[in-house]
Amino acid sequence: MAWTEGIISRQPRTEEIKWPESGLPYVARQHARQDGDWRRTSLTHKDSVPDGLEAEFKALLKPRLKPRDGEIARKADLQYLPLARVVVPEHRHRVYYVYPGQSKLRVFILPSSQRTWQIAGAVLGVLAVLYLLSRLLS
């Protein structure tokens, strides 16, 4: 009796698709990362992309799911979180970021870019006055 054994192993290649790189403030992204109820799904080239994903992200994902030469299939593990950016006219100096949490909707509030520039200008003005006062008194 002769016994022949062969093991074929293949290391899967992981390719991350991160989008968007900008547009969402870092602090809001961190809150969503920690408190958000992230949705997870696995897809092959035969599956349809789930609703709730941006059209631009779908355009990035679809070509990567198609098997290439020598491949039988591809699989993508997705983790995504629907997030809304809301500006209320009565509170135009605030930007609300709303996303699903573990048990309820989560809201994170940041100042608008206009309000941020106003605060930065006021701080710089105060620092300039303090500097001038210190120079006059010394």
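I will try to describe carefully the structure that is included in this document. (Residues numbered from 1 in each chain as written. Predicted model: local features only at pLDDT ≥ 70, side-chain atom pairs only at ≥ 80, totals over all residues. Heavy atoms only, no water.)

1. Notes on the overall build of the chain
So, step 1. Secondary structure summary: the chain contains three helices and five strands in total.
So, step 2. Secondary structure elements of the chain occur, N-terminal to C-terminal, as α-β-α-β-β-β-β-α.
So, step 3. Computed over its C-alpha atoms, the radius of gyration of the chain comes to 25 Å, more than 25% above the 14 Å expected for a compact globule of 138 residues.
So, step 4. Projected onto the principal axes, the alpha-carbon positions of the chain cover approximately 100 × 40 × 30 Å.
So, step 5. Looking at the chain as a whole, 18% of its 138 residues qualify as buried.
So, step 6. Within the chain, residue pairs in contact and separated by at least 24 positions form 47% of the contacts whose partners lie at least 6 positions apart.
So, step 7. As presented, the chain carries roughly 11500 Å² of accessible surface, and 56% of it is formed by carbon and sulfur atoms. (Helix = DSSP H or I, 4+ residues; strand = E, 2+ residues; numbered from the N terminus. Rg over C-alpha atoms; globule rule 2.2 N^0.38 Å. Buried < 20%, exposed > 50% of the residue type's maximum accessible area, 1.4 Å probe, protein only. Contact = heavy atoms within 4.5 Å. Areas by Shrake-Rupley, 256 points an atom, 1.4 Å probe, with all protein chains shown as cover.)

2. Some thoughts on the sheet that holds strand β3 (residues 84-86)
So, step 1. With respect to topology, three strands assemble into an open sheet ordered β3-β4-β5, the strand pairing being antiparallel. Each edge of the open sheet carries a strand with a single partner, namely β3 and β5 (105-111). For this sheet, the mean inter-axis angle between neighbouring strands, taken without regard to orientation, is 25 degrees.
So, step 2. As paired elements, strand β4 (residues 94-100) and β5 share seven bridges and run antiparallel to each other. Paired with Y99 across the bridge in β5 is R106. (Pairing = 2+ DSSP bridges. Axes fitted to C-alpha atoms, helices over the stretch in contact; angles between N-to-C directions.)

3. Some thoughts on the nonpolar core
So, step 1. By size, the foremost hydrophobic cluster in this structure holds nine residues: L43, V49, L53, F57, L61, L65, A76, L78 and Y80.
So, step 2. Looking at this core, the elements with two or more residues in it are α2 (55-65) and β2 (75-80).
So, step 3. Counting five residues, the second-largest nonpolar core is a separate cluster that includes A28, V95, F108 and L110. (Core = buried A, V, L, I, M, F, W, Y, C linked by side-chain atoms within 4.5 Å.)

4. Brief notes about the side chain of S112
So, step 1. Inspection of the secondary structure assignment puts S112 in the loop between β5 and α3 (113-137).
So, step 2. Take S112: its relative accessible area is 9%, and that puts it in the buried class.
So, step 3. Not counting residues up to four positions away in its chain, the partners in contact with S112 are R92, H93, R94 and V95.

5. Concerning the pattern of salt bridges
So, step 1. Summed over the entire model, instances satisfying the criterion amount to two salt bridges.
So, step 2. Linking D35 and R106 is a salt bridge whose minimum nitrogen-to-oxygen distance equals 3.3 Å. A residue pair is termed long-range when its members are at least 10 positions apart, and D35 in helix α1 (residues 26-35) and R106 in strand β5 qualify at 71 residues.
So, step 3. One salt bridge in this structure joins K75 and D77, with 3.8 Å as the shortest N-O distance. (Salt bridge = Lys/Arg side-chain N within 4 Å of Asp/Glu carboxyl O.)

Note that every value here comes from positions in space, so none of it alone points to a role or purpose.
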